[in-house]
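Each chain is listed here by its residues.
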Amino acid sequence: MIPRAATGDDLGAIMALERASFPTDAWSEAMMRAELASPHGRYVVLEEGGRLVGYAGLRAPEGSRQGDVQTIAVDAGARGAGRGRLLLTTILEEARDRGVHEVFLEVRADNPVAAGLYASEGFRELGRRPRYYQPDDVDAIVMRLDLRGWAHARAVLPSDAGACT
């Protein structure tokens, strides 16, 4: 399972997963096409058996010390096996490589699994945006990650805990 850079050829599969994952507030095809083409972003996809099972997007303009997780989606049948974390860490590593110091995101308040994933990687809640997700009237939890601290923690963790004596 190795994420690869998304291309325009992935747009149809990304949009199918986008609509399945976010039925009431999916991005439009035009918005996603612009994201995939933007030099300010980086989108990655996961494929298994020739089928796209996940994607994630980062926005981090060159020279900016801030970045945003734009979106992460994993096919419902492929969840619970670390694919979301793999996509997230892939785009966080890209942000680090671009010189980003802090990463922000919004997550639906009614998605505790995603919020838990972000918290487990070090994201902290900054506040809430009431009724941000429409038409569902769901609050957004705004989160922030100190990317330098995250990268340092990952660098000093042993890669094989069983090897420690």
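Residues numbered from 1 in each chain as written. Predicted model: local features only at pLDDT ≥ 70, side-chain atom pairs only at ≥ 80, totals over all residues. Heavy atoms only, no water.

## Structural notes on the packing of helix α3 (residues 83–97) against helix α5 (residues 147–156)
Logical step 1: Direction vectors running N to C along α3 and α5 enclose 110°, while the axes themselves pass 10 Å from each other. As judged from the angle between their axes, α3 and α5 are roughly perpendicular. Viewed along their axes, α3 and α5 form a crossing whose handedness is left-handed. When α3 is examined against α5, the residues Thr89, Leu92, Glu93, Ala95 and Arg96 are found in contact with a partner set consisting of Leu147, Trp150, Ala151 and Arg154.
Logical step 2: Looking at the contact of α3 with α5 residue by residue, the class counts come to five nonpolar, one polar and three charged. (Axes fitted to C-alpha atoms, helices over the stretch in contact; angles between N-to-C directions. Helix = DSSP H or I, 4+ residues; strand = E, 2+ residues; numbered from the N terminus. Parallel < 35°, antiparallel > 145°, perpendicular 65-115°, else oblique. Left-handed = near helix turned anticlockwise from the far one by under 90°. Contact = heavy atoms within 4.5 Å. Nonpolar A, V, L, I, M, F, W, Y, C, P; charged D, E, K, R; others polar.)

## Details of the confidence of the model for the protein
Logical step 1: On average, residues of the protein score 92 in pLDDT, and 95% of them reach the 70 mark or higher.
Logical step 2: Of the regions scoring below 50 in pLDDT, residues 160–165 engages in one contact with residues more than four places distant in sequence or in other chains. (pLDDT = per-residue confidence, 0-100.)

## Regarding the layout of surface pockets
Logical step 1: In this structure, the largest pocket spans a volume of roughly 1100 Å³.
Logical step 2: Every residue lining the largest pocket is counted, 37 residues in all, and those nearest its centre are Phe22, Ile72, Asn111, Ala114 and Tyr118.
Logical step 3: Elements with a contribution of two residues or more to the lining of the largest pocket: α1 (11–21), β4 (66–74), α3, β5 (102–108), α4 (112–120) and β6 (124–133).
Logical step 4: Examining the composition of the lining of the largest pocket, we find that seven residues originate from one element, β4, more than from any other.
Logical step 5: Here the residues of the lining of the largest pocket sort into 18 nonpolar, eight polar and 11 charged. (1 Å grid on protein atoms, 1.4 Å probe; cavity = no way out; pocket = protein on both sides within 12 Å on 5 of 7 lines; lining within 4 Å. Points joined across faces, edges and corners; volume = space filled by probe spheres on them.)

## Considering the pattern of salt bridges
Logical step 1: The tally for this structure, following the rule as stated, stands at 20 salt bridges.
Logical step 2: A salt bridge links glutamate 29 to arginine 19, with the shortest nitrogen-to-oxygen separation between them at 3.8 Å. Here glutamate 29, found in helix α2 (residues 29–37), pairs with arginine 19, found in helix α1; they are 10 residues apart in sequence, far enough to count as distant.
Logical step 3: Looking at arginine 19, the relative accessible area reads 45%, which means it is partly exposed. (Salt bridge = Lys/Arg side-chain N within 4 Å of Asp/Glu carboxyl O. Buried < 20%, exposed > 50% of the residue type's maximum accessible area, 1.4 Å probe, protein only.)

## Some details on the packing of aromatic side chains
Logical step 1: Scanning the entire structure with this criterion turns up two aromatic pairs.
Logical step 2: Residues tyrosine 118 and phenylalanine 123 carry aromatic rings whose centres are separated by 5.8 Å and whose planes lie at 65° to one another, so their mutual orientation is edge-to-face. Note on accessibility: tyrosine 118 and phenylalanine 123 belong to one class, buried.
Logical step 3: Taking the centre distance of 5.0 Å and the plane angle of 85° together, the rings of tyrosine 132 and tyrosine 133 count as edge-to-face. (Phe/Tyr/Trp six-rings, centres within 6.5 Å; stacked < 30°, edge-to-face > 60°.)

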